[in-house]
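What the coordinates show
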Amino acid sequence: MYSREQLIRLRILHVILMIATGIFAYQYLQLDDGLWIPISIIAIIGPFAPGLAISKARMRVIGTICGLAVSLIIWTFIHYFPDSLIFISLLLIYGVGLTAILTYTYFIFFVSIMLTLSFDYMNLFINNEISYVVNRMMCVLIGVIICQFYEFMIFKYFYTNAVNLVESDRLDSLIREINQKLNSINVVNDCNIYLTKISTEIDELKELRLSAISGYSKQDLLIKRIDYYLEQLEELHIKLMKHGGILAQISNY
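Residues numbered from 1 in each chain as written. Predicted model: local features only at pLDDT ≥ 70, side-chain atom pairs only at ≥ 80, totals over all residues. Heavy atoms only, no water.

1. Some words on the overall build of the protein
This is how the line gets drawn: Only DSSP runs of H or I covering at least 4 residues are called helices, and only runs of E covering at least 2 are called strands; the numbering of each starts at the N terminus. The atom set for the radius of gyration is the C-alpha atoms, and the globule formula is 2.2 Å times the number of residues raised to the power 0.38. Any residue under 20% of the maximum accessible area for its type is buried, any over 50% is exposed, and the rest in between are partly exposed; the area is computed with a 1.4 Å probe on protein chains only. Here a residue-residue contact requires only that any non-hydrogen atoms of the pair lie within 4.5 Å. Using a 1.4 Å probe, the Shrake-Rupley method yields the accessible areas, and only the shown protein chains count as cover for residues. In this tally, Asp and Glu contribute negative charge and Lys and Arg positive charge; neither His nor the terminal groups of the chain are included. A single reference atom marks each charge: NZ on Lys, CZ on Arg, CG on Asp, CD on Glu.
The helix and strand inventory of the protein stands at nine helices and zero strands. The secondary structure elements of the protein, listed N-terminal to C-terminal, are α-α-α-α-α-α-α-α-α. In summary, the protein has a C-alpha radius of gyration of 24 Å against a globular reference of 18 Å for 253 residues, an excess of more than 25%. Over its C-alpha atoms, taken along the principal directions, the protein stretches across nearly 75 × 50 × 20 Å. Looking at the protein residue by residue over its 253 residues, the buried ones come to 41%. Long-range contacts, defined as pairs at least 24 residues apart, comprise 75% of the intrachain contacts of the protein with a sequence gap of at least 6. Of the roughly 14,600 Å² of accessible surface on the protein, 65% is carried by carbon and sulfur atoms. Of note, the protein has its 19 positive side-chain charges centred 7 Å away from the centre of its 21 negative side-chain charges.

2. Side note on unusual backbone geometry
Even without being glycine, Gln30 reaches a positive phi, approximately 55°. With respect to the helices and strands, the residue Gln30 is situated in the loop between helix H1 (4-29) and helix H2 (36-44).

3. Description of the packing of aromatic side chains
Basically, it comes down to this: Two aromatic rings from Phe, Tyr or Trp, using only the six-membered ring of Trp, form a pair when their centres are within 6.5 Å; if the ring planes differ by under 30 degrees the pair is stacked, by over 60 it is edge-to-face, and anything between is tilted.
This structure, assessed with the given rule, holds 11 aromatic pairs. Centre to centre, the rings of Tyr2 and Phe158 are 6.4 Å apart; their planes meet at 45°, and the pair counts as tilted. Within this pair, whereas Tyr2 is found in the segment before H1, its partner Phe158 is found in the loop between helix H6 (126-154) and helix H7 (168-181), the two being separated by 156 residues in sequence. Phe158 sits in the partly exposed class, given a relative accessible area of 34%. Summarising the aromatic geometry, the rings of Phe155 and Phe158 are spaced 5.8 Å apart at their centres and angled 45° between planes, so their arrangement reads as tilted. A relative accessible area of 4% places Phe155 in the buried class. By the ring-pair criterion, three or more aromatic residues cluster together here, those being Tyr2, Phe149, Tyr150, Phe155, Phe158 and Tyr159.

4. Description of the pattern of salt bridges
The condition is simple: A pairing counts as a salt bridge when a side-chain nitrogen of Lys or Arg comes within 4 Å of a carboxyl oxygen of Asp or Glu.
In this structure the tally under the stated criterion is six salt bridges. Notably, a salt bridge pairs Asp227 with Arg209, separated by 2.6 Å at the nearest N-O pair. Note that Asp227 is positioned in helix H9 (residues 220-252) and Arg209 in helix H8 (residues 188-214), a separation of 18 residues in sequence. Classification of Asp227 by relative accessible area gives partly exposed; the value is 31%. Members of the salt-bridge network, linked through shared partners, are Arg4, Glu167, Arg170 and Glu201.

5. Section: H1
Quick reminder of the rule: In a helix, the anticipated span is given by 1.5 Å times the number of residues less one.
With 26 residues, H1 should cover 38 Å at 1.5 Å per step; its first-to-last C-alpha distance of 37 Å lies within 8% of that length. Every buried residue of H1 is listed here: Leu7, Leu10, Arg11, His14, Val15, Met18, Gly22 and Ala25. Phi turns positive, to about 55°, at Gln30, one or two residues after H1.

6. Observations regarding the layout of surface pockets
Short version of the rule: Cavities and pockets were defined on a 1 Å grid built over protein atoms only: a cavity is a set of grid points that admits a 1.4 Å probe from which the probe cannot escape, a pocket is an open set flanked by protein on both sides within 12 Å along at least five of seven lines, and lining residues are those with an atom within 4 Å of any such point. Grid points are joined across faces, edges and corners, and a volume is the space filled by probe spheres set on the points. Note on residue classes: Ala, Val, Leu, Ile, Met, Phe, Trp, Tyr, Cys and Pro are nonpolar, Asp, Glu, Lys and Arg are charged, and everything else, Gly too, is polar.
Its volume calculated, the largest pocket comes out at about 610 Å³. In terms of lining, the largest pocket is formed by 28 residues, of which the most central are Arg4, Ala49, Leu165, Leu208 and Ser211. Elements that contribute at least two residues to the lining of the largest pocket include exactly H1, helix H3 (50-80), H7 and H8. Top contributing element to the lining of the largest pocket by residue count: H8, with seven residues. When grouped by side-chain class, the residues that make up the lining of the largest pocket number 16 nonpolar, five polar and seven charged.

Shown next as structure tokens:
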């Protein structure tokens, strides 16, 4: 079983190989708009964790397909009503801003439309539009296939039950420290400090759990360990909230 440090190094090697393969494909295939192959790979591996990258790859494919399809409709509309471009651009900018609170699929959807319309602005013939859409879609799919190949065919078995990704010693120490100091905390600010630490740990564990569920590797033991610490931390969170509420009431008198 790999240690946490070994798993991180393995993932770094994994990421480097995916990017290197994408750059090789871009250079070797010499496709129009081929730069989208490494760009797609770099965008997909942004979360770093294997499972989250797999989920992001699916979102990118869906968002790209939908965005390119809608861009054809908008391109046709602008062709007959060119004065509407400014209003459509403002709506798209608003849509990109809105995606900050939505999933990655919507971000790629709006970005794909905006990039295609930018291309249309410089290339006003329909054959150029179709060519761009086809080439962009093909390059994105190649990038996704490269990522999925490495995730599923090569590195899946290395990540099996990666329980050492949970820093058990550090979490045990934090839980023990809070339990020992809970009754002696007499300042609301101290409660808030511990609540912030617990919330951060809970968010990181939930993200790790999502990665474990979304990935190709078998992660039953990892998920079990995550659930154990989530339960412990959430119980402590409730206790601290109650204790902080009591301290706040006392301080108001």
